[in-house]
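Commentary on secondary and tertiary structure
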Amino acid sequence: MDSMIANQSADQTTLALDRKRIGKWIGRGVVAGAILSLLLAVWLTDLHPRTDDASVRANFIGITPEVSGLLIQLPVKDNAYIKKGGLLFEIDPRPYQYALQQALSDQEALEQQIVDEERRIAAQHSAVEAAKAGVHQSTTGIKTAGSSVDVAKAAVLRAQAATAAAKSQLELATNNLNRIEPLLKKQYVTVEQVDQTRTALHVAQGSYDEAQAALAQAQAQETQSVLRQQEADAFATESQARLGQAIHTVDTLDTLKSQRPAKAAKVDSARLDLERSRVVAPFDAYVTNLNISEGAYAHPGTPIFTLIDARTWYVIANYRESKLKHIHIGAHVDVYLMGHPDRKFNGVVESIGFGVFPEDGKVDGGLPDIDRTLNWVHLSSRFPVRVRVQDPDPLLFRIGSTAVTVVR
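A few points on the structure. (Residues numbered from 1 in each chain as written. Predicted model: local features only at pLDDT ≥ 70, side-chain atom pairs only at ≥ 80, totals over all residues. Heavy atoms only, no water.)

**A few points about the overall build of the chain**
On a plain count of helices and strands, the chain comes out with four helices and twelve strands. Counting every position in the chain, which comprises 408 residues, the buried fraction comes to 30%. Long-range contacts, defined as pairs at least 24 residues apart, comprise 80% of the intrachain contacts of the chain with a sequence gap of at least 6. (Helix = DSSP H or I, 4+ residues; strand = E, 2+ residues; numbered from the N terminus. Buried < 20%, exposed > 50% of the residue type's maximum accessible area, 1.4 Å probe, protein only. Contact = heavy atoms within 4.5 Å.)

**Some remarks on the packing of aromatic side chains**
Overall, the coordinates contain four aromatic pairs when judged by the stated rule. Note on F345 and F397: the rings are 5.0 Å apart at their centroids and 75° apart in plane angle, and the pair reads as edge-to-face. Taken together, the residues span a long stretch of sequence, with F345 in strand 10 (residues 340–352) and F397 in the loop between strand 11 (382–389) and strand 12 (402–407) at a distance of 52 residues. Each of the two residues, F345 as well as F397, counts as buried. An aromatic cluster of three or more residues is present, and its members are W313, F345 and F397. (Phe/Tyr/Trp six-rings, centres within 6.5 Å; stacked < 30°, edge-to-face > 60°.)

**Side note on the pairing of strand 6 (residues 285–288)**
Pairing between strand 3 (residues 81–82) and strand 6: two bridges, direction antiparallel. In the strand pairing of strand 6, I82 is matched with A285. Both strand 6 and strand 8 (residues 305–320) contribute to a ladder of four bridges, which runs antiparallel. The partner of Y286 across the bridge, within strand 8, is I308. (Pairing = 2+ DSSP bridges.)

**Some details on unusual backbone geometry**
With a phi close to 65°, N79 is a non-glycine residue in the positive phi region. Summarising the element assignment, N79 is placed in the loop between strand 2 (69–73) and strand 3. N79 gets classed as exposed once you look at its relative accessible area, which sits at 54%. Phi angles above zero are rare outside glycine, and N289 is one such case at about 60°.

**Considering the layout of surface pockets**
For the largest pocket, the calculated volume is near 200 Å³. Considering the residues around the largest pocket, the lining is formed by N79, Y286, V287, T288, I308, W313, P394, L395, L396, F397, R398 and I399. Mapped onto the lining of the largest pocket, the elements with two or more residues apiece are strand 6 and strand 8. Tallying contributions element by element places strand 6 first for the lining of the largest pocket, with three residues. Here the lining of the largest pocket is built from residues that sort into nine nonpolar, two polar and one charged. (1 Å grid on protein atoms, 1.4 Å probe; cavity = no way out; pocket = protein on both sides within 12 Å on 5 of 7 lines; lining within 4 Å. Points joined across faces, edges and corners; volume = space filled by probe spheres on them. Nonpolar A, V, L, I, M, F, W, Y, C, P; charged D, E, K, R; others polar.)

**Focus on the sheet that holds strand 5 (residues 278–280)**
With antiparallel pairing, the four strands of this open sheet are ordered in space as 5-4-2-7. Both outer strands of the open sheet, strand 5 and strand 7 (297–298), are each paired with one neighbouring strand and no more. Of the strand pairs in this sheet, strand 2 and strand 7 are connected by two bridges, and their pairing is antiparallel. Residue pairing in the sheet places L70 in a bridge with Y297 of strand 7.

**Some details on the pattern of salt bridges**
Evaluation of the coordinates by the stated rule reveals 14 salt bridges. Among the ionic pairs, R311 bridges to D309, the shortest N-O distance being 2.8 Å. Across the salt bridge formed by R388 and E350, the nearest N and O atoms sit 2.8 Å from each other. Here E350 lies in strand 10 and R388 lies in strand 11, a separation of 38 residues in the sequence. (Salt bridge = Lys/Arg side-chain N within 4 Å of Asp/Glu carboxyl O.)

Have a look at this one:
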């Protein structure tokens with residue numbers, strides 16, 4: 001009986017020892033498994049970097065009018081989806097229609113002016129030629145008149161010389177008669193000699209009168225020649241003036257033609273302003289931040305609302321610098337949205353940031369400012385990685401939504 005009890009006690013002791021051994025082995029196995037799991041997790045994390053410090057992004061633009069005026073149409077609603085080419089808003093176009101009509105009218109008036117001037121020039125071409133011929137003719141007339149004046153002056157000089165000679169002969173005949181007539185009473189001379197002397201006096205008087213008439217005629221011809229010369233000078237001046245006027249008409253046409261670019265620019269500007277009064281969506285987009293209604297006055301450069309480009313969605317994921325060596329441009333990325341963790345989206349790495357705002361703050365703005373969670377511990381910097389989502393769901397993606405990314 002005692003031996004049986006002893007055997008049972010020994011068996012229990014052996015069983016307890018076996019259990020302890022098994023427990024130790026199980027514990028060691030659990031620890032080893034945990035270590036292996038940890039190492040595997042670390043390896044997988046390094047091989048496939050993961051982060052939940054990511055947010056959804058999309059390009060967006062502020063819609064600002066380029067012309068001023070009252071909003072007469074605003075068909076879009078806040079947070080509504082609009083297709084490319086859809087009407088966003090329309091500004092009262094009437095002032096710009098009037099400006100375009102005025103610009104077109106001014107342009108047409110200029111063209112009519114040019115046509116009229118071209119017609120005048122066509123007529124003035126013959127006037128130019130006639131004026132040139134008149135200038136030539138007047139020049140010739142001046143030369144001819146000058147020659148006539150010279151001839152007339154010479155004739156006056158000759159007539160003056162002949163008058164002086166006739167006057168001398170007349171004086172000589174008068175003196176002879178006065179000297180002979182007293183001698184007739186004393187019969188120192190004959191009657192015939194006295195008659196001859198009187199005849200010579202009459203002849204001399206006739207010659208003198210004729211010479212004076214010739215002198216008067218020569219002087220009249222000289223005066224007439226001078227007048228003709230003055231008339232030729234006046235005609236030359238007039239011909240030159242007509243020529244200058246004809247040439248000025250051509251200059252006027254050049255001046256009018258030089259105004260064409262300015263008139264065309266005004267028309268283009270007015271047409272562009274009219275087109276800008278109606279604004280359409282440049283791409284498929286969501287309308288957001290709409291806080292205005294029809295009837296408001298739009299000012300150029302003042303945003304009315306914002307358009308979110310719905311064509312392309314991105315996720316900006318901030319990875320620690322130690323993980324960047326496993327991230328390459330073009331790598332596949334699994335994207336999960338925090339609000340819809342059951343949906344996986346496919347993405348591709350488009351770019352990796354080359355700069356962030358330094359911790360010491362010695363660099364001015366212009367770089368991404370990524371906060372560090374533990375200021376008392378020196379943590380590695382995180383750099384933004386831009387991931388383009390290839391299959392986004394437009395109903396789920398919103399700018400600023402939290403995302404989780406895993407680089408494969």
